[in-house]
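Geometric and topological summary
Letter by letter, the chains look like this.
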Amino acid sequence: MQNCYKILGVRPDATAAEIKRAYRQKAKLLHPDASQNAETTSEFRELVKAYEILSDAKQRSLFDESFFMSRSRDRYNRSTNSFDYREWLLKRTDEESRAKLIFFDLMHNREDDAVAEFKRMSMNHANFRLSKWFTRENFMDYGFILAEELVLRQEYYDAFILLEQIIRMEYSYAYFRLFFPEVMELTANILKNHLEGKIADELALDCWERALELGFGKNNDAKFLQKMSSAYKRMGDIATARICEEESLRLTNK
């Protein structure tokens, strides 16, 4: 039996977020579209199979039982005198430490804590930006995972703001490449299905207006404009609603 953890290049105690990030990084190198080497193609198939096993909780549990029966997966059961990095971060109040706490929790099975701290920092600090404290690549990887966690908790506005930063970064210099459609799909889904009626019209309008600059294509842009028209009507701005509706029809009929 092949070691799925070795194939992905992660430790046996890797979190779901670490596994997802490792898969994306390796897939970018081994994907058949990026390499015509037959050996690389075979490695890519192994990578996909390993990811399928480790990204499914039940399959991973079965794999662990058969492959690591005698090993403990809890790497934190150490001496009580060992340095606790999370405890150290918790005691600090500066923005950098709180940003690092968010991603630390995200990568150590404390997703609820990561989301709660992100929400707290975003609400209490108007200029709080996670991207300020990490490398571009780390922010994009972990930021996307955080956005997925925000969506799971129906925090759609915060998820969009985070995804918008990632999309703009990708346009400035390609990093996600093969996985960028996944980023765009999640963002478009939020814009089309999870803003209207769930957040204030003013905030939703801000999201849809900014989305028109993100390259979703004329069909999606037409839908955003339709939603903007409806929001302006609810707000009593019939003139602007009509402008949005006309622009939507123009895009649809192109």
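For the structure, check the block above.
In this report, the structure presented in the accompanying data block is examined.

Take the overall build of the protein chain next. Regarding its fold elements, the protein chain presents 13 helices and zero strands. N-terminal to C-terminal, the α/β element order of the protein chain is α-α-α-α-α-α-α-α-α-α-α-α-α. By the burial criterion, 45% of the 254 residues in the protein chain qualify as buried. Counting every atom, the protein chain has about 14,200 Å² of accessible surface; 49% of that belongs to carbon and sulfur.

Glancing now at helix H9 (residues 156-172). Across its 17 residues, H9 extends 24 Å between first and last C-alpha, which sits within 8% of the 24 Å expected from 1.5 Å per residue. With respect to burial, H9 is a largely interior element, twelve of its 17 residues being buried. Along H9, the residues classified as buried are Tyr 156, Asp 158, Ala 159, Phe 160, Leu 162, Leu 163, Glu 164, Gln 165, Ile 166, Ile 167, Met 169 and Glu 170. Each element contacted by the buried residues of H9 is listed here: helix H7 (111-124), helix H8 (136-152), helix H10 (180-193) and helix H11 (201-211).

Let us look at the pattern of salt bridges. Inspection of every chain in the model, using the stated rule, returns 27 salt bridges. Here Asp 105 makes a salt bridge to Arg 86, at a shortest N to O gap of 2.5 Å. Taken as a pair, Asp 105 in helix H6 (residues 95-106) and Arg 86 in helix H5 (residues 85-90) lie far apart in primary sequence, 19 residues in all. The same class applies to Asp 105 as to Arg 86, namely buried. Between Arg 168 and Glu 213 there is a salt bridge, with its nearest N and O atoms 3.1 Å apart.

A few words now on the side chain of Arg 86. By relative accessible area, Arg 86 is classed as buried at 15%. In contact with Arg 86, other than residues within four places in its own chain, are Leu 101, Phe 104, Asp 105, Arg 110 and Asp 113.

The next point concerns the packing of H11 against helix H12 (residues 218-234). Angle between the axes and distance between the axes: these two values describe a pair of packed helices. Packing of H11 against H12 brings their axes to within 10 Å, and their N-to-C directions diverge by 155 degrees. Between H11 and H12, the angle is such that the two are roughly antiparallel. The two elements H11 and H12 cross, and the hand of that crossing is left-handed. For the pair H11 and H12, contact is made by Asp 201, Leu 205, Trp 208, Glu 209 and Ala 211 and by Asp 221, Phe 224, Lys 227, Met 228, Ala 231, Tyr 232 and Arg 234, respectively. Of the residues in the contact of H11 with H12, the class split is seven nonpolar, no polar and five charged.

Looking now at the nonpolar core. Judged by nonpolar contacts, the single largest core of 76 residues is most densely connected at Leu 130 and Leu 146. For this core, the element with the most residues is H8, which contributes nine residues. Each residue touching Leu 146, except ones within four places of it in the same chain, is listed here: Ile 102, Phe 103, Leu 106, Val 115, Phe 118, Leu 130 and Leu 162.

Let us now look at the environment of Leu 101. Looking at the element boundaries, Leu 101 is found in helix H6. Leu 101 gets classed as buried once you look at its relative accessible area, which sits at 2%. Taking C-alpha positions, Leu 101 is 6.8 Å from Arg 86, a pair spaced 15 residues apart along the chain. The residues contacting Leu 101, other than those within four sequence positions of it, are Arg 86, Leu 89, Leu 90 and Glu 117.

What follows is about the packing of H7 against H8. Two numbers describe how H7 lies on H8: the axes approach to 10 Å, and their chain directions differ by 90 degrees. One finds that H7 runs roughly perpendicular with respect to H8. From H7, Glu 111, Val 115 and Phe 118 reach across to H8, where they touch Leu 146, Glu 149 and Leu 150. Here the contact of H7 with H8 is built from residues that sort into four nonpolar, no polar and two charged.

Our focus in this paragraph is the packing of aromatic side chains. Counted by the stated rule, this structure contains eleven aromatic pairs. When the ring of Tyr 85 is compared with that of Phe 104, the centres are 5.4 Å apart and the planes differ by 70 degrees; the resulting orientation is edge-to-face. You can see Tyr 85 sitting in helix H5 and its partner Phe 104 sitting in helix H6, a full 19 residues away along the chain. Clustering of aromatic rings is evident, with ring pairs tying together Tyr 23, Tyr 51 and Phe 179.

Further remarks concern helix H13 (residues 238-252). It helps to recall that an α-helix has 3.6 residues per turn; residues three or four apart then point in one direction. Its 15 residues give H13 an end-to-end C-alpha distance of 21 Å, which sits within 8% of 21 Å, the value for a rise of 1.5 Å per residue. When we look at burial in H13, the residues that qualify are Ala 241, Cys 244, Ser 248 and Leu 251. Buried residues along H13 cover an arc of 90 degrees about the axis, so they all sit on one side. On its buried face, H13 is in contact with H12.

Rules behind the numbers
Positions within a chain are numbered from 1, following the residues in the order the chain's sequence is written. Predicted model: local features are reported for residues with pLDDT of at least 70 only, side-chain atom pairs are reported and counted for 80 or more only, and whole-chain, interface and lining totals are derived from all residues. Excluded from the side-chain calculation are hydrogens and water; included are all heavy atoms of the structure. Numbering of helices and strands runs from the N terminus, with a helix taken as a DSSP run of H or I at least four residues long and a strand as a DSSP run of E at least two residues long. With a 1.4 Å probe rolled over the protein chains alone, any residue whose accessible area is under 20% of its type maximum counts as buried; one over 50% counts as exposed, and the rest are partly exposed. Surface accessibility in these figures is a Shrake-Rupley result with a 1.4 Å probe; residues are shielded only by whichever protein chains are displayed. Any helix carries an expected span of 1.5 Å times its number of residues minus one. The contact definition used throughout considers only heavy atoms, calling two residues in contact when any of these lie within 4.5 Å. The term salt bridge refers to a side-chain nitrogen of Lys or Arg lying within 4 Å of a carboxyl oxygen of Asp or Glu. Where helices are involved, their axes are fitted lines through C-alpha atoms of the stretch in contact, as for all axes, and angles between N-to-C directions lie from 0 to 180°. An angle below 35 degrees is treated as roughly parallel, one above 145 as roughly antiparallel, one from 65 to 115 as roughly perpendicular, and anything else as oblique. Note on convention: near helix rotated counterclockwise from far helix by under a right angle means a left-handed crossing. Clockwise means right-handed. Gly falls in the polar group here, along with every residue not listed as nonpolar (Ala, Val, Leu, Ile, Met, Phe, Trp, Tyr, Cys, Pro) or charged (Asp, Glu, Lys, Arg). Take the buried residues of types Ala, Val, Leu, Ile, Met, Phe, Trp, Tyr and Cys, join any two whose side-chain atoms come within 4.5 Å, and each joined set is a nonpolar core. Each Phe, Tyr or Trp ring (for Trp, its six-membered ring) is paired with any other whose centre lies within 6.5 Å, and the angle between the two planes then decides the class: stacked below 30 degrees, edge-to-face above 60, tilted in between. Here the arc refers to the set of directions running from the helix axis out to each C-beta atom.

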